[in-house]
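# Results of the structural survey
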Amino acid sequence: MRKTFTKSKTRIHRAFLLAATSAAILSGSVLAPLGAAQAADKTTIKVGIISGEDEDVWREVVKQAAAKGLTVKPVIFNDYNQPNEALQNGEVDANAFQHQPFLDNQIKVNHYDIVRVGDTAVWPIGLYSKKVKSADELKEGAVIGVPNDPSNEARGLILLQQSGVIKLKPGAGIFATTADITENPRHVTIKELDSGIIGRSVPDLDAAIVNTDWALKSGLTPADRIAQEPVKGNPYNNFIAVKTENVNAPWVKTLVSSYQNDAVKQEFDKVYKGTGVTAW
């Protein structure tokens, strides 16, 4: 009897283990993909943007997204370096504030896993001055401010070259630095300044390269702009970005279409008054 009981007990134990294992396998094969689908099919997302005029534009994006069943919550930042860090860390689901050269540099430095998913607009960078009316009027030894972040500094130097102020080493392109200046016939001084303060520094300089959004914040007007980069073929289009793992998530397409529409374009044109151009 003892021997028979042991076999029966063993068979019961094995049956229990088999059932438990089968349940675990079933749970893994069914519940894990379900959890992934739930993550991909978000109905509420956070989007990092820069404070200022863009907040007004994104109020319209929020309305457009809500009509499509997606709740968008803008998260406001005051520094260009914060939105990508927040996206990488999962504090936001997307951001919309940068162009490709800026993101490329951030990926190089910080190894972010972030990709572009939909274009928004371009703000042609300008050369502003309160002292002269054209780049040709800049005098010998003029002091010119440029943004100190790598992508926008190169952008500014290219504009100075297009304006006949300096010449850059062939091939420097969007990675140009002051070390690439090969000709400086007027012996201008290039002063590197933070993008956030350079617009307010224009009265103290002979001229300065200023991003359009910061120009608006600083009270500069198109009348103060003495040169501007071209819009057509501009490599500095801004865009919506997400982490690579989310690039095919359904909410991403909804978010992009919530920006790329006539209602948002109308609000954008109203807010930026022609200083920015929608680019999709």
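These notes cover the structure that comes with them. Treat the numbers as computed from the prediction; the structure is a model and nothing was measured. By convention here, each chain's residues receive numbers from 1 onward along its written sequence. With pLDDT at 70 or above as the cut-off, local features in this predicted model cover only qualifying residues; side-chain atom pairs require 80 or more to be listed or tallied, and sums for whole chains, interfaces and linings still use all residues. The basis for every side-chain value is the complete set of heavy atoms in the structure, and neither hydrogens nor water enter the calculation.

### Describing the pattern of salt bridges
Worth spelling out the cut-off: Salt bridges are defined by distance alone: a side-chain nitrogen of Lys or Arg within 4 Å of a carboxyl oxygen of Asp or Glu. The secondary structure listing takes helices from DSSP runs of H or I that are at least 4 residues long and strands from runs of E that are at least 2 residues long, numbered from the N terminus. The rule is simple: take the accessible area with a 1.4 Å probe, protein chains only, and divide by the maximum for that residue type; under 20% is buried, over 50% is exposed, in between is partly exposed.
The full count for this structure, using the stated rule, is eight salt bridges. Here aspartate 224 makes a salt bridge to lysine 130, at a shortest N to O gap of 3.2 Å. Separated by 94 residues along the polypeptide, aspartate 224 in the loop between helix 7 (212-217) and strand 12 (225-228) and lysine 130 in the loop between strand 6 (126-128) and strand 7 (143-147) bring together distant segments of the chain. The shortest N-O distance in the salt bridge between lysine 265 and aspartate 269 comes to 3.3 Å. Of this pair, lysine 265 and aspartate 269 both sit in helix 9 (residues 262-272), four residues apart, which is roughly one turn of that helix. We classify lysine 265 as partly exposed; its relative accessible area is 34%.

### What about the packing of aromatic side chains?
Going by this rule: Two rings from Phe, Tyr or Trp (for Trp, the six-membered ring) form a pair when their centres are within 6.5 Å of each other. A pair whose planes differ by under 30 degrees is stacked, one over 60 is edge-to-face, and the rest are tilted.
Taken as a whole and judged by the stated rule, the model has nine aromatic pairs. Between tyrosine 80 and phenylalanine 102, the ring centres sit 6.2 Å apart and the planes meet at 65 degrees, which makes this aromatic pair edge-to-face. Note that tyrosine 80 is positioned in the loop between strand 2 (71-77) and helix 3 (82-88) and phenylalanine 102 in helix 4 (residues 100-110), a separation of 22 residues in sequence. On the basis of relative accessibility, which here comes to 15%, the residue tyrosine 80 falls in the buried class.

### What about the packing of helix 2 (residues 53-67) against helix 8 (residues 250-259)?
For clarity, the threshold we go by: All axes are obtained by fitting lines to C-alpha atoms, using only the stretch in contact for helices, and the reported angles, taken between N-to-C directions, cover 0 to 180 degrees. Each angle receives one of four descriptions, namely roughly parallel if under 35 degrees, roughly antiparallel if over 145, roughly perpendicular if within 65 to 115, and oblique otherwise. Should the near helix be turned anticlockwise from the far one by less than a right angle, the crossing is left-handed, and should it be turned clockwise, the crossing is right-handed. Contacts: residue pairs with any heavy atoms within 4.5 Å of one another. When residues are sorted by character, Ala, Val, Leu, Ile, Met, Phe, Trp, Tyr, Cys and Pro go into the nonpolar class, Asp, Glu, Lys and Arg into the charged class, and all the rest, Gly among them, into the polar class.
It is at 8 Å that the axes of helix 2 and helix 8 come closest, and there the two elements cross at 125 degrees. As far as their axial angle goes, helix 8 and helix 2 are oblique. Regarding helix 2 and helix 8, the two cross each other, and that crossing is right-handed. In this structure, helix 2 contributes Val57, Trp58, Val61, Gln64 and Ala65 to the contact, and helix 8 contributes Leu255, Ser258 and Tyr259. Partitioning the contact of helix 2 with helix 8 into residue classes produces six nonpolar, two polar and no charged.

### Some remarks on helix 9
Rules: Relevant arc is that of directions from the helix axis to the C-beta atoms, nothing else. For this analysis, a polar contact is any N or O atom pair within 3.5 Å, provided that within protein one partner can donate a hydrogen and the other can accept it, and provided that sequence-adjacent residues contribute only side-chain to side-chain pairs.
Among all positions of helix 9, only Val264, Phe268, Val271 and Tyr272 are buried. Projected down its long axis, helix 9 carries its buried residues within an arc of 80 degrees, all on one side. Exposed and facing more than 90 degrees away from the buried side of helix 9 are Asp262, Gln266 and Lys270. Considering only its buried residues, helix 9 is in contact with helix 2, strand 5 (121-122), helix 7, helix 8 and strand 14 (277-278). Looking at where helix 9 begins, the residue whose side-chain oxygen comes 3.2 Å from the main-chain nitrogen of alanine 263 is asparagine 261. Two residues or fewer past helix 9, lysine 273 is found with a positive phi of approximately 50 degrees.

### Thoughts on the sheet that holds strand 2
Stated precisely, the cut-off is as follows: For two strands to be treated as a pair, DSSP must find no fewer than two bridges joining them.
Taking strand neighbours across the sheet as the criterion, the five strands line up as 2-1-3-13-4 in an open arrangement whose pairing is mixed. Each having just a single partner strand, strand 2 and strand 4 (114-119) make up the two edges of the open sheet. Across the sheet, the axes of successive neighbouring strands diverge by a mean angle of 35 degrees, strand direction being ignored. By the bridge criterion, seven bridges tie strand 1 (residues 44-50) to strand 2 in an arrangement that is parallel.

### A look at the side chain of threonine 120
In this structure, threonine 120 sits in the loop between strand 4 and strand 5. Classification of threonine 120 as buried rests on a relative accessible area of 3%. When residues no more than four places from it in sequence are discounted, the contact partners of threonine 120 are Asn238, Phe239, Ile240, Tyr259, Thr278, Ala279 and Trp280.

### Quick notes on the sheet that holds strand 7
Across the sheet, five strands lie side by side as 10-7-11-6-12; this open sheet has mixed pairing. Here the strands that pair on one side only, and so sit at the sheet edges, are strand 10 (189-193) and strand 12. Strand-to-strand twist in this sheet, taken as the mean axis angle between neighbours without regard to direction, amounts to 25 degrees. Across three bridges, strand 6 lies against strand 11 (residues 207-210) in antiparallel orientation. Residue pairing across strands places tyrosine 128 opposite alanine 208, the latter belonging to strand 11. Packing against the sheet, helix 5 (residues 150-162) makes contact with strand 6, strand 7, strand 10, strand 11 and strand 12, and its axis sits at approximately 140 degrees to strand 7.

### Some points on the environment of isoleucine 209
Tracing the backbone through its elements, the reader meets isoleucine 209 in strand 11. For isoleucine 209, a relative accessible area of 0% gives the class buried. When residues no more than four places from it in sequence are discounted, the contact partners of isoleucine 209 are Ile125, Gly126, Leu127, Gly145, Val146, Pro147, Gly156, Leu159, Leu160 and Ile198.

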